[in-house]
Number of protein chains: 4
Amino acid sequence: MYSFKNDYSEGAHPNLLEGLMKYNLEQVEGYGLDSWSEKAREAIKGKLENEEVDIHFLVGGTQTNLLAISAFLRPHEAVIATTSGHIFVHETGAIEATGHKVITVKGKKGKLSTEDIEEVLIYHTDEHMVKPKFVYISQSTEIGTIYTKAELEALSEYCKKQNLLFYMDGARLGSALTAEGNDVSLKDLARLLDAFYIGGTKNGALMGEALVICNPSLKEDFRYHIKQKGALLAKGSVLGIQFLELFKEDLFFELADHANRMAALLRQAIKEEGYSFFTDSPTNQIFPIFPNLLIEKLQATYDFYKWEKWDEGHSAVRLVTSWATPEEKVRDFIKDLKEWKK
Amino acid sequence: MYSFKNDYSEGAHPNLLEGLMKYNLEQVEGYGLDSWSEKAREAIKGKLENEEVDIHFLVGGTQTNLLAISAFLRPHEAVIATTSGHIFVHETGAIEATGHKVITVKGKKGKLSTEDIEEVLIYHTDEHMVKPKFVYISQSTEIGTIYTKAELEALSEYCKKQNLLFYMDGARLGSALTAEGNDVSLKDLARLLDAFYIGGTKNGALMGEALVICNPSLKEDFRYHIKQKGALLAKGSVLGIQFLELFKEDLFFELADHANRMAALLRQAIKEEGYSFFTDSPTNQIFPIFPNLLIEKLQATYDFYKWEKWDEGHSAVRLVTSWATPEEKVRDFIKDLKEWKK
Amino acid sequence: MYSFKNDYSEGAHPNLLEGLMKYNLEQVEGYGLDSWSEKAREAIKGKLENEEVDIHFLVGGTQTNLLAISAFLRPHEAVIATTSGHIFVHETGAIEATGHKVITVKGKKGKLSTEDIEEVLIYHTDEHMVKPKFVYISQSTEIGTIYTKAELEALSEYCKKQNLLFYMDGARLGSALTAEGNDVSLKDLARLLDAFYIGGTKNGALMGEALVICNPSLKEDFRYHIKQKGALLAKGSVLGIQFLELFKEDLFFELADHANRMAALLRQAIKEEGYSFFTDSPTNQIFPIFPNLLIEKLQATYDFYKWEKWDEGHSAVRLVTSWATPEEKVRDFIKDLKEWKK
Amino acid sequence: MYSFKNDYSEGAHPNLLEGLMKYNLEQVEGYGLDSWSEKAREAIKGKLENEEVDIHFLVGGTQTNLLAISAFLRPHEAVIATTSGHIFVHETGAIEATGHKVITVKGKKGKLSTEDIEEVLIYHTDEHMVKPKFVYISQSTEIGTIYTKAELEALSEYCKKQNLLFYMDGARLGSALTAEGNDVSLKDLARLLDAFYIGGTKNGALMGEALVICNPSLKEDFRYHIKQKGALLAKGSVLGIQFLELFKEDLFFELADHANRMAALLRQAIKEEGYSFFTDSPTNQIFPIFPNLLIEKLQATYDFYKWEKWDEGHSAVRLVTSWATPEEKVRDFIKDLKEWKK
């Protein structure tokens, strides 16, 4: 059964595994202080066109989010996120487990606006409530949408004015940066955000996220936090080698672009069949609304999540493509959809 | 420069990388629910001769220790460890960061005895002090020694009697189980301990520790804790495939045995040259006491840690071998030692 | 300026201060193990008609809530509360600071129903989300309403069925128990809840809440938690003596009854003047909706909170009476209201 | 049975209770924002000859210590204390429960030296260990000794040089400041320390400690932390009124002086009887070494702690006097000692 369930069903892009093979028996420093990790950091800084940032390689998204938040905030400070934010919904209270409250606002299309933040600030007036300090957004969002450069500029400016930290969860950043209509670059992110991460796990790595700390005041002692949370990999070169493969040229972008193109094929075909979408996503997650009967038929052959009930007879589903999705499987799905629709 | 600095300077045993290559593009379930992880768990249970335990694959030792302790204890309960215990010295307060105090006793040769524990219990009498609840030992210990079966039996019995949890950090368990003079088996561990882990990172894996929960009352909801601490790998099969390679036959033991034999060669030669040792270790870490001048000469060609000052002219050093240490490099070291000694 | 701002503007009922005076120089055991605390516990057990509960005297409501939640829950377990719940809004993230998420539902009139809880349970399906375990309600609620016995029975039964802990914040429990229309007794609470507290601070004490633990499985080692959170008063008799005064006869109920009667006088008069209310409260907090101009005039003479904007010209305000509110001040307010209304 | 067990067996000095009585029915602001608390803060600042410090009234010593440490430190930073430090021994892991490790050194006579701290700094070299940041001392110490001004100057200078925070637990500060041989003033403390607290509970208050924050960088948002830890008293004037009574003139010092004089009487008489002391304490805790048989006889009539075994036939005991200890009881004890000694 072919799966459109997520973008981490397969292993790593072969180049990354070959990198691991090639350097396997070379003795290197532990804990991310090896030369491969250093080269990978340099490669990423090159793409960011920014030599000032600090880059740390971590193993997963929840780990990266909880590390950044717990390292950057004082105990009484809180996070602002949308109700669909990954840290609020799907991280088993990882942020609260480090002592910090996540304040939510509804947002629009999975996105946060300066008005949303302002509403929170107005409400939080004194020491009987937490102090909002950290704005969390995801790019692409949990429902596949992306922030425009203008939106990010506005948020960044607002956060600076209000003395808030501005952070981006980039689990699917590759897909966002290569999406149709995207006008944001890696360089922009280093300028606009206090910190963000570039997701490897969902874009071709065995595992790995590159946390980029842009704000100098947040850099000090970060490796202590990594170690304290059990996130400092003894064989850190495993992450370094993979990120070097992704960024020494443009593999990271090519993989994301492939996933986006596969999603676009699906989206186009589904539209042509007359279906609408729960959300208008230009990235590698799409959310078509199908009749329940059709969903049942499709699920006999394809694996994917039923996302949300739409009305009595219909539901939104989530279809996810990845760097590894073969075009052939996409064509099969489209063919079957047309067939079973009847 | 050849390094005897630690047992995680190289990547993974080639079989493990080949396993990753071989199954790389197969679509599998995420989060350790894939079939490879399941097969690996079955293989380990076979070696343990125990079908009742729960096994979770995690990424590193600090992560595993902090997860077990924070999941098993209530907020007022504390850990007992020796002053050389890894959780006390080298985990950046990871245990305290989950809210739990680590009570230390001096121990002997890196090992804890029932008398040590009793001393702690006598002292902790009421609610003005933490409640000792969790006994932490390492096998092999941080200074290379190992517990005998009789010692583990005594500790286990004492812990049961005193209603304490008995836990073993097995970062270097392979080396302990294959050490000369060892009389402990994996099966014994599953019987004597409430939980322990089998270290992969320091015995041939890219990363990975297998936490074995033996006490049924500790099993419930453990996966929630893994996720909450950012330790649930999206592509969990990366760990499963590696542990399957290590345990489907006896690779795990063969790799550890190799490391031990390389250490034995060093030990024997160093003894023959008339040097004594800081600690009598039968495992892959040895601690010879060398003249400082000799150490300087050796460090120009070999990488290793100076461990502790012994007297004005001498220091203990730590030499660590691994599954990947070539016998040739050991022979070189011995030759150079003999040469430079003069 | 007379204040209807809250029910903790004055000190303690004179009987309590006289108790403190009377026993002041008697030497007693520290940390709540004194004979006065013991007598107070016995007096409360008498009113509960239950000898099996454990009772601990604590200093404030936030302290009591955070202690109960952190002592009763494992790290991955979460609380369910309404969006108006005190722990969610006005405790500066005290619960999250102990590591636990507070899941909110909207509720109705400040109250939680079994349907609300069920909705949360349906949504929380696996280890990627926290595990709902603790149901938090307040009696009276933060907006003055009270749960009926039938409502509490339903919630209690549902919680038992779903293996949830059922807890009541009783900061204003006295007012609820003596409210017009109340059909709940202290004895009922000990039967229906796993734990709850009886608020002293807002009903005539200098400070003090009596936490009642009904569920035997929650009792063990609770004093360790009190000490660990900095909540174990050295001179615990200060709390014991006050609670003894409140419960040796019926002072606790008389004080609450007075506050309720003062609120009823206000409510009746305000109704007669033709104003409506934000919420239909039978307790010592009432929320009339006044024209903004009238509010301005009243606030020149009386201190109280503007609660919420109602429409362009009107706002809800909060008027709180206490055990110490003189009827004369209530009459003055009513007179002024009638006068300034014109 | 008369008790020399501790200095919190009685209630409050009558002046404090009378203050509470006198202002009892006056309506005041909650949460320590009332005018009495403000006056008390001003009175203390007068004694400190320092208008720049921030002062917060809290309820107990453990609460104050855990609040200061958790508010001032980042997650990876740790505390240095002696092995007899109250936070290490007798606070049920309260500091660790906020996530911070307490590193201990042996110290001398209960006191910490710059050499002790240096030893810790040398040992803590990188991110695999916590980062020492906060130096905790007690004045008087847990065994009754006091730091001289020269010692405090040296510690202060060293901490500044090493970028460490310097904090004093003043649970028994009154006794230290009025001890024979003391050369330290309140003014000195505000100059030398980053923060410290002035203990009320053990010097005549019902409860209450005044935390003094001297270092401006530690002041921001401290009230959020107080609230979050459940330490913000609704009726904060209860603390303010008591501290005003203690400091509007010199009652605080007179009470401590009385306790010291009572201890001096005991000390002198015990010396004259030929007994030696476990520690040379000029404050209100003394630790004579008595024959075990004599201890048994004394304990039939007087309550006090057996502190530590000295040799087979002797033990050190702890005798504590307080502001409320009648000279007559001291005379009785001395008479009985002489009598039973025979």
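Only a predicted model underlies this, so the values are computations on that prediction, with no experimental measurement involved. (Residues numbered from 1 in each chain as written. Chains lettered and ligands numbered in written order. Predicted model: local features only at pLDDT ≥ 70, side-chain atom pairs only at ≥ 80, totals over all residues. Heavy atoms only, no water.)

### Some thoughts on the interface of chain C and chain D
One widely used convention gives an interface's size as the accessible area the parts lose upon coming together. Listed per partner, the contact involves 49 residues of chain C and 49 residues of chain D. Carbon and sulfur atoms supply 58% of the area that chain C and chain D bury against each other, a total of about 4000 Å² over both sides. It is C:Tyr8, C:Gln27 and C:Lys235 in chain C that bury the most area against chain D; as a group they hold 19% of the surface buried on that side. Applying the counting rule to chain C against chain D returns 2 salt bridges. The residue C:Glu29 makes a salt bridge to D:Lys5 at a minimum N-O spacing of 2.9 Å. (Contact = heavy atoms within 4.5 Å. Buried area = accessible area lost by both parts, 1.4 Å probe. Salt bridge = Lys/Arg side-chain N within 4 Å of Asp/Glu carboxyl O.)

### Some words on the packing of aromatic side chains
Aromatic ring pairs are reported here in terms of the distance separating the ring centres and the angle at which the planes meet. Residue and element names in this part refer to chain A. Evaluated as defined, the whole model comprises 72 aromatic pairs over all chains. Ring geometry for Tyr275 and Phe290: centres 5.0 Å apart, planes at 80°, overall edge-to-face. Within this pair, whereas Tyr275 is found in the loop between α12 (251-272) and β9 (285-286), its partner Phe290 is found in strand β10 (residues 289-291), the two being separated by 15 residues in sequence. Both residues of the pair, Tyr275 and Phe290, count as buried. (Phe/Tyr/Trp six-rings, centres within 6.5 Å; stacked < 30°, edge-to-face > 60°. Helix = DSSP H or I, 4+ residues; strand = E, 2+ residues; numbered from the N terminus. Buried < 20%, exposed > 50% of the residue type's maximum accessible area, 1.4 Å probe, protein only.)

### Concerning the packing of helix α12 (residues 251-272) of chain D against helix α14 (residues 327-341) of chain D
Residues and elements named next belong to chain D. For the pair α12 and α14, the least separation of the axes is 10 Å and the interaxial angle reads 15°. Relative to α14, the element α12 is oriented roughly parallel. Read as a crossing pair, α12 and α14 show a hand that is right-handed. For the pair formed by α12 and α14, the contact residues are Met262, Leu265, Leu266, Ala269 and Ile270 on the first element and Glu327, Val330, Arg331, Phe333, Ile334 and Leu337 on the second. Looking at the contact of α12 with α14 residue by residue, the classes come out as 9 nonpolar, no polar and 2 charged. (Axes fitted to C-alpha atoms, helices over the stretch in contact; angles between N-to-C directions. Parallel < 35°, antiparallel > 145°, perpendicular 65-115°, else oblique. Left-handed = near helix turned anticlockwise from the far one by under 90°. Nonpolar A, V, L, I, M, F, W, Y, C, P; charged D, E, K, R; others polar.)

### Some words on the domain arrangement of chain A
All names here are of chain A. As assigned here, chain A comprises domain 1 (2-7 + 252-341) and domain 2 (14-249). Averaged C-alpha coordinates put domain 1 and domain 2 at centres separated by 28 Å. Taken residue by residue, the interface counts 19 residues in domain 1 and 26 residues in domain 2. When residues of domain 1 are sorted by the area they lose upon contact with domain 2, Asp7, Phe252 and Phe253 head the list and together hold 37% of the total. Taken together, domain 1 and domain 2 are joined by 1 salt bridge. Two residues, Asp7 and Arg172, come together in a salt bridge whose shortest N-O distance is 2.7 Å. Taken together, domain 1 and domain 2 are joined by 9 residue pairs in polar contact (both at pLDDT 80 or more). Per-element tally for the side of domain 1 that touches domain 2: the top contributor is α12, with 6 residues. Residues that form the side of domain 1 that touches domain 2 fall into these classes: 9 nonpolar, 6 polar and 4 charged. (Domains from an automatic or database assignment. Polar contact = N/O pair within 3.5 Å; in protein donor to acceptor, adjacent residues only side chain to side chain.)

### Structural notes on unusual backbone geometry
Following A:Gln139, the chain continues into A:Ser140 via a peptide bond in cis, with omega recorded as -15°. The backbone phi angle of A:Asp221 is positive, close to 65°, even though this residue is not glycine. Inspection of the secondary structure puts A:Asp221 in the loop between β8 (209-213) and α10 (222-228). Unlike most non-glycine residues, D:Lys109 shows phi in positive territory, near 55°.

### Let's talk about the side chain of B:Asp221
Residue class for B:Asp221 comes out buried when judged on its relative accessible area of 15%. Looking at B:Asp221, its side chain comes within polar contact range of the side chain of C:Lys131, at 2.6 Å. In this structure B:Asp221 touches C:Arg74, C:His76 and C:Lys131, once residues within four positions along its chain are discounted.

### Focus: the nonpolar core
In this structure, C:Leu186, C:Phe196, C:Ile198, C:Phe247, D:Phe196 and D:Ile198 are the most contacted members of the largest nonpolar core, which totals 125 residues. Leaving out residues up to four positions away in the same chain, D:Phe196 has contacts with D:Leu48, D:Tyr167, D:Met168, D:Leu173, D:Leu186, D:Leu189, D:Ala190, D:Ala210, D:Leu211, D:Val212 and D:Cys214. B:Ile55, B:Ile117, B:Val130 and B:Leu193 belong to the second-largest nonpolar core, a separate cluster that totals 124 residues. (Core = buried A, V, L, I, M, F, W, Y, C linked by side-chain atoms within 4.5 Å.)

### Focus: the relation of the copies chain D and chain A
Aligned on chain A, chain D shows an RMSD of 0.0 Å; the corresponding rotation is 180° and the shift along the axis is 0.0 Å. In short, the pair behaves as if placed about a two-fold rotation axis. Residue D:Arg74, judged by its C-alpha, is the member of chain D lying nearest the rotation axis, at 3.6 Å. When the interface residues of chain D are mapped onto chain A, 100% of them again fall at the interface, so both copies present the same face. (Least-squares fit on C-alpha atoms with pLDDT ≥ 70 in both.)

### Remarks on the sheet that holds strand β4 (residues 102-105) of chain B
All names here are of chain B. The strand order across the open sheet formed by 7 strands is β2-β8-β7-β6-β5-β3-β4, and the pairing between neighbours is mixed. The open sheet has two free edges, formed respectively by β2 (54-58) and β4, since each of these has just one partner strand. Within the sheet, the average angular offset between the axes of one strand and its neighbour, ignoring direction, is 25°. Bridging between strand β5 (residues 131-138) and strand β6 (residues 165-169) involves 5 bridges; their strand directions are parallel. (Pairing = 2+ DSSP bridges.)

### A closer look at the relation of the copies chain C and chain D
For the pair of chain copies, the relating operation is a rotation around an axis with a shift along it. Aligned on chain D, chain C shows an RMSD of 0.0 Å; the corresponding rotation is 180° and the shift along the axis is 0.0 Å. Most of the interface of chain C is mirrored in chain D: 100% of its interface residues are interface residues there too.

### What about the pairing of strand β6 (residues 165-169) of chain D?
All names here are of chain D. Counted residue by residue, β6 has 5 buried out of 5 residues, so it is predominantly covered. Alternating positions in β6 separate into two faces, Leu165, Tyr167 and Asp169 on one and Phe166 and Met168 on the other, with burial throughout. As a crossover connection, the stretch from strand β5 (residues 131-138) through helix α7 (residues 149-162) into β6 is right-handed. Here β6 runs beside strand β7 (residues 195-199); their pairing, made up of 2 bridges, is parallel. Paired with Tyr167 across the strands is Ala195, a residue of β7. (Right-handed = clockwise from strand over helix to strand, strands pointing away.)

### Regarding the side chain of C:Thr92
Inspection of the secondary structure puts C:Thr92 in the loop between α4 (86-89) and α5 (94-97). Contact partners of C:Thr92, with chain neighbours within four places excluded, come to A:Glu127, A:His128, A:Met129, A:Val130, D:Tyr224, D:Lys227 and D:Gln228.

### Quick notes on the packing of helix α2 (residues 35-48) of chain B against helix α11 (residues 237-247) of chain B
Residue and element names in this part refer to chain B. Close contact between α2 and α11 brings their axes to 7 Å; oriented N to C, the two are set at 35°. The hand of the α2/α11 crossing is left-handed. Seen from α2, the contacting residues are Trp36, Ser37, Lys39, Ala40, Ala43, Ile44 and Lys47; seen from α11, they are Ser237, Gly240, Ile241, Phe243, Leu244 and Phe247. Residue classes in the contact of α2 with α11 are distributed as 8 nonpolar, 3 polar and 2 charged.

### Focus on the pairing of strand β3 (residues 77-82) of chain B
All names here are of chain B. Taken across its 6 residues, β3 has 6 buried, putting it largely inside the fold. By the alternation rule, side chains of β3 split into Glu77, Val79 and Ala81 and Ala78, Ile80 and Thr82, which are all buried. Direction of pairing for β3 relative to β5: parallel, over a ladder of 4 bridges. Its bridge partner being in β5, Glu77 is matched across the sheet by Lys131.

### Some remarks on the sheet that holds β5(D)
Residue and element names in this part refer to chain D. Strand order in the open sheet made by the 7 strands is β2-β8-β7-β6-β5-β3-β4, with mixed pairing throughout. Strand pairing shows two members of the sheet lacking a second neighbour, β2 (54-58) and β4 (102-105), which therefore form its edges. Sheet twist, expressed as the average angle between the axes of neighbouring strands with direction ignored, equals 25°. Docked against the sheet, helix α2 (residues 35-48) engages β2, β7 and β8 (209-213), running at close to 125° with respect to β2. Strands in contact with α7 are β5 and β6; relative to β6, the strand with the most contacts, it is inclined by about 145°.

### Considerations on empty space enclosed by the protein
For the structure on display, the rule yields 12 cavities of 30 Å³ or more. Along its surface, the largest cavity is lined by 19 residues, and A:Glu10, A:Gly11, B:Asn24, B:Val28 and B:Ser237 are the ones closest to its centre. Top contributing element to the lining of the largest cavity by residue count: α11(B), with 3 residues. A per-class count over the lining of the largest cavity returns 9 nonpolar, 6 polar and 4 charged. (1 Å grid on protein atoms, 1.4 Å probe; cavity = no way out; pocket = protein on both sides within 12 Å on 5 of 7 lines; lining within 4 Å. Points joined across faces, edges and corners; volume = space filled by probe spheres on them.)

### What to know about the environment of D:Leu17
Topologically, D:Leu17 is positioned in helix α1 (residues 14-22). Sequence-wise, D:Leu17 and D:Thr114 are 97 residues apart; in three dimensions their C-alpha atoms are separated by 42 Å.

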